[in-house]
Amino acid sequence: MLQKNCFVVTAIGQNGSPERSHADKVLQYLIEPVCKDLDYNVIRVDQETTNGSINESIINHLKNDDLVIADMTGYNANAFYELGYRQALNLPLVPIIEHTEKLPFDVVTNRTVFYDTDVSAIENSKTQLKNMILEFKDFVMP
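Residues numbered from 1 in each chain as written. Predicted model: local features only at pLDDT ≥ 70, side-chain atom pairs only at ≥ 80, totals over all residues. Heavy atoms only, no water.

**Digging into the sheet that holds strand E5 (residues 113-115)**
Here is step 1 of the chain: Ordered by their spatial adjacency, five strands build an open sheet running E2-E1-E3-E4-E5, and the pairing between neighbours is parallel. With one partner strand each, in any of the chains shown, strand E2 (40-44) and E5 form the two edges of the open sheet. Shown here is a sheet whose adjacent strand axes are inclined to one another by a mean of 25 degrees, direction ignored.
Here is step 2 of the chain: Against the sheet, helix H2 (residues 54-64) contacts strand E1 (4-9), E2 and strand E3 (67-71), and its axis sits at roughly 125 degrees relative to E1.
Here is step 3 of the chain: Sitting on the sheet, helix H4 (residues 122-134) is in contact with E2, E3, strand E4 (93-98) and E5, with an inclination near 160 degrees to E5. (Pairing = 2+ DSSP bridges. Helix = DSSP H or I, 4+ residues; strand = E, 2+ residues; numbered from the N terminus. Axes fitted to C-alpha atoms, helices over the stretch in contact; angles between N-to-C directions. Contact = heavy atoms within 4.5 Å.)

**Remarks on the packing of helix H1 (residues 18-37) against H4**
Here is step 1 of the chain: Relative orientation of the contacting elements H1 and H4 amounts to 45 degrees, with a least axis distance of 9 Å. The angle between the axes of H1 and H4 places the two elements in the oblique class. At the point where H1 passes H4, the crossing takes the right-handed sense. Residue-level contacts link Tyr 29, Leu 30, Ile 31, Pro 33, Val 34, Cys 35 and Asp 37 of H1 to Ile 122, Ser 125, Lys 126, Leu 129, Lys 130 and Ile 133 of H4.
Here is step 2 of the chain: Its residues assigned to classes, the contact of H1 with H4 comprises nine nonpolar, one polar and three charged. (Parallel < 35°, antiparallel > 145°, perpendicular 65-115°, else oblique. Left-handed = near helix turned anticlockwise from the far one by under 90°. Nonpolar A, V, L, I, M, F, W, Y, C, P; charged D, E, K, R; others polar.)

**Side note on helix H3 (residues 77-88)**
Here is step 1 of the chain: For H3, built from twelve residues, the straight-helix expectation of 16 Å at 1.5 Å per residue is met to within 8% by its first-to-last C-alpha distance of 16 Å.
Here is step 2 of the chain: Within H3, the full set of buried residues consists of Ala 79, Glu 82, Leu 83 and Arg 86. Down the axis of H3, the sector holding all buried residues measures 105 degrees, keeping them to one side. Opposite the packed face of H3, turned more than 90 degrees from it, sit the exposed residues Ala 77, Tyr 81 and Ala 88.
Here is step 3 of the chain: Capping the start of H3, Asn 76 holds a side-chain oxygen 2.9 Å from the backbone nitrogen of Asn 78, two or three residues further along.
Here is step 4 of the chain: Immediately downstream of H3, the backbone of Asn 90 shows phi near 60 degrees, a positive value. (Expected span 1.5 Å × (residues − 1). Buried < 20%, exposed > 50% of the residue type's maximum accessible area, 1.4 Å probe, protein only. Arc of directions from axis to C-beta. Polar contact = N/O pair within 3.5 Å; in protein donor to acceptor, adjacent residues only side chain to side chain.)

**Things to note about the pairing of E1**
Here is step 1 of the chain: As judged from the five bridges shared by E1 and E2, these two strands associate in the parallel manner. If you follow Cys 6 over to E2, its bridge partner there is Val 42.
Here is step 2 of the chain: A crossover links E1 with its parallel partner E2, the connecting element being H1, and its sense is right-handed.
Here is step 3 of the chain: Across four bridges, the pairing between E1 and E3 is parallel. Residue pairing across strands places Val 8 opposite Ile 69, the latter belonging to E3. (Right-handed = clockwise from strand over helix to strand, strands pointing away.)

Spelled out as structure tokens, the structure:
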């Protein structure tokens, strides 16, 4: 089976920041296990080792990757911009947000995974994410 790419949109923050800690935890314990199970290669822009423009890399991933998971936790402006860009392309997109936060008005109608990374709830969050991704299983990239 050919492995697909999943680009992760999220507030990343600086090394050691609360944003980075949160982004790493969500990536490691929620997104990566689910995507690995579904044969997706997970990409987050700060983990790439390529040369060139970061903005160009982000736009290329948003336009070309098989799936984008956009974490809106913390209401990061860049994450919302990237979510909107991908949504405008009408390509597979799974919005996620921490269960303690509310969705802003402009995205409240999107089906969204409200996740919880607490050990007692992570399996339910993983199941929800997996089910949302599986809805795109027959999608063919244009």
